[in-house]
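Summary of structural features
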Amino acid sequence: LSLSDAKKIAAYKAVDENITSESKIIGIGSGSTIVYVIERILQLKDSLDKEIIYIPTSFQSRLLITEGGLNLGDIDQYPEIDVTIDGADEVDENLNAIKGGGACHLREKLVAEAAKKFIIVADYSKHSTTLGEKWKQGVPIEVIPFAYLRVMNSLKELGCDNPILRMAKAKAGPVISDNGNFIVDAHFGLIKQPKELLEKIKLLTGVVEVGLFVNMAKSAYFGNEDGSVSIKH
Ligand code: DER
């Protein structure tokens, strides 16, 4: 199965099993896998409660909601979310995740934390034993532009040998997040203690949010190469 088909079967199964009549407020993540989540929701639209509200985690996910004709809400109006579904860059055996490949992890973490149930959907290339095994682009860190160089120097003291300011492809200069900040990608090799690393990075002045989602996911749905879906809790 191709990676996109693997994303699709994971997304479809996660929607089928987690968006039920009790789900009134749903958090929608960002990235490419979430596109299949919306696709499945639209297929089921007639059987779903017309009052369901969808909370975005980026301009991208906001567009997916509005272009799908779904009810858009925001986290101020709906601070209690029933279920949030989102992708990930890598997931370890304890369901800790590296997120932020799409530079959206700040709002994603807020919407994931606000949910009673946070569900990850991913293809088999994201499924690891330990973080850092397969995802080689480092831990995404959102930093305020004023602080980026100091943060990069501090990351070296934490053991990151080559922190990288993420440069845009379709724009000259650095990637700018939906919150107006820079993204620094920090390589730490295998991350055996994601909680400790998260806490160290988060304390650096100028860091807004870190793409390590520790002890947050309730379940993860992985689309496999053979067309099966593995569900981890
Ligand atoms: O930025 C993020 O955290 C996204 O969820 C993203 O990394 C997942 O990407 P994908 O669904 O395109 O694989």
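Up top is the structure these notes are about.
Attention here is on the structure that accompanies the text. Computed from a predicted model, the values in this text were never measured in an experiment. (Residues numbered from 1 in each chain as written. Predicted model: local features only at pLDDT ≥ 70, side-chain atom pairs only at ≥ 80, totals over all residues. Heavy atoms only, no water.)

Below, the discussion takes up the site of the ligand. Around the ligand there are 16 residues in total, and S32, T33, D89, G102 and K126 lie nearest to it. At a separation of 2.9 Å, an oxygen atom of the ligand approaches a polar side-chain atom of K7. Within the backbone of G102, one N or O atom sits 2.8 Å away from an oxygen atom of the ligand. A total of 350 Å² of accessible area belongs to the ligand in isolation, and the protein chains cover 92% of it. Given that more than half its atoms are within 2 Å of the pocket grid, the ligand belongs to the second largest pocket. Its residues placed into classes, the shell around the ligand shows 2 nonpolar, 8 polar and 6 charged. (Near = heavy atom within 4 Å. Polar contact = N/O pair within 3.5 Å; in protein donor to acceptor, adjacent residues only side chain to side chain. Areas by Shrake-Rupley, 256 points an atom, 1.4 Å probe, with all protein chains shown as cover. 1 Å grid on protein atoms, 1.4 Å probe; cavity = no way out; pocket = protein on both sides within 12 Å on 5 of 7 lines; lining within 4 Å. Sits in = over half its atoms within 2 Å of the grid points. Nonpolar A, V, L, I, M, F, W, Y, C, P; charged D, E, K, R; others polar.)

What follows covers the packing of helix 1 (residues 3–18) against helix 2 (residues 33–43). Between two packed helices, the angle of one axis relative to the other and the distance separating the axes together describe the packing. Where helix 1 meets helix 2, the axes come as close as 8 Å, and the angle between the chain directions of the two elements is 50°. By the angle class used here, helix 1 and helix 2 are oblique. Once helix 1 is placed against helix 2, the crossing between them reads as right-handed. Listed contacts from helix 2 to S4, K7, K8, A11, Y12, V15 and D16 of helix 1 are T33, Y36, V37, E39, R40, I41 and Q43. Considered class by class, the residues forming the contact of helix 1 with helix 2 number 6 nonpolar, 3 polar and 5 charged. (Axes fitted to C-alpha atoms, helices over the stretch in contact; angles between N-to-C directions. Helix = DSSP H or I, 4+ residues; strand = E, 2+ residues; numbered from the N terminus. Parallel < 35°, antiparallel > 145°, perpendicular 65-115°, else oblique. Left-handed = near helix turned anticlockwise from the far one by under 90°. Contact = heavy atoms within 4.5 Å.)

Taking 1.5 Å of rise per residue, 16 residues should cover 22 Å, and helix 1 covers 22 Å from first to last C-alpha, within 8% of that figure. Every buried residue of helix 1 is accounted for by A6, K7, A10, A11, Y12, A14, V15 and N18. Turning to helix 1, the residues buried within the fold contact helix 2, strand 4 (81–86), strand 7 (115–123), strand 13 (219–223) and strand 14 (229–232). (Expected span 1.5 Å × (residues − 1). Buried < 20%, exposed > 50% of the residue type's maximum accessible area, 1.4 Å probe, protein only.)

In strand 1 (residues 25–28), alternate side chains face the same way, and those of I25 and G27 on one face and I26 and I28 on the other are all buried. In this structure, strand 1 lies alongside strand 2 (residues 53–55), joined through 3 bridges in parallel fashion. Considered in strand 2, the bridge of I25 is made with I53. Handedness of the β-α-β unit built from strand 1, helix 2 and strand 2 comes out right-handed. Relative to strand 4, strand 1 runs parallel, the two sharing 3 bridges. Of the residues in strand 4, the one forming a bridge with I26 is V83. (Pairing = 2+ DSSP bridges. Right-handed = clockwise from strand over helix to strand, strands pointing away.)

Here the focus is the environment of D86. On the secondary structure map, D86 appears in strand 4. Residue classification places D86 among the buried residues on the basis of a relative accessible area of 1%. In this structure the C-alpha to C-alpha distance between D86 and A217, which are 131 residues apart in sequence, comes to 9.8 Å. Only 3.2 Å separates the side chain of D86 from the backbone nitrogen of S30, close enough to count as a polar contact.

Turning our eyes to something else, we now look at the sheet that holds strand 6 (residues 97–98). Reading across the sheet, the 3 strands line up as 5-6-12 and stay open at both edges, with antiparallel pairing between neighbours. Every interior strand has two partners, whereas the edge strands, strand 5 (90–91) and strand 12 (212–213), have only one. Across 2 bridges, the pairing between strand 6 and strand 12 is antiparallel. Opposite I98, over in strand 12, you have L212 as the bridge partner.

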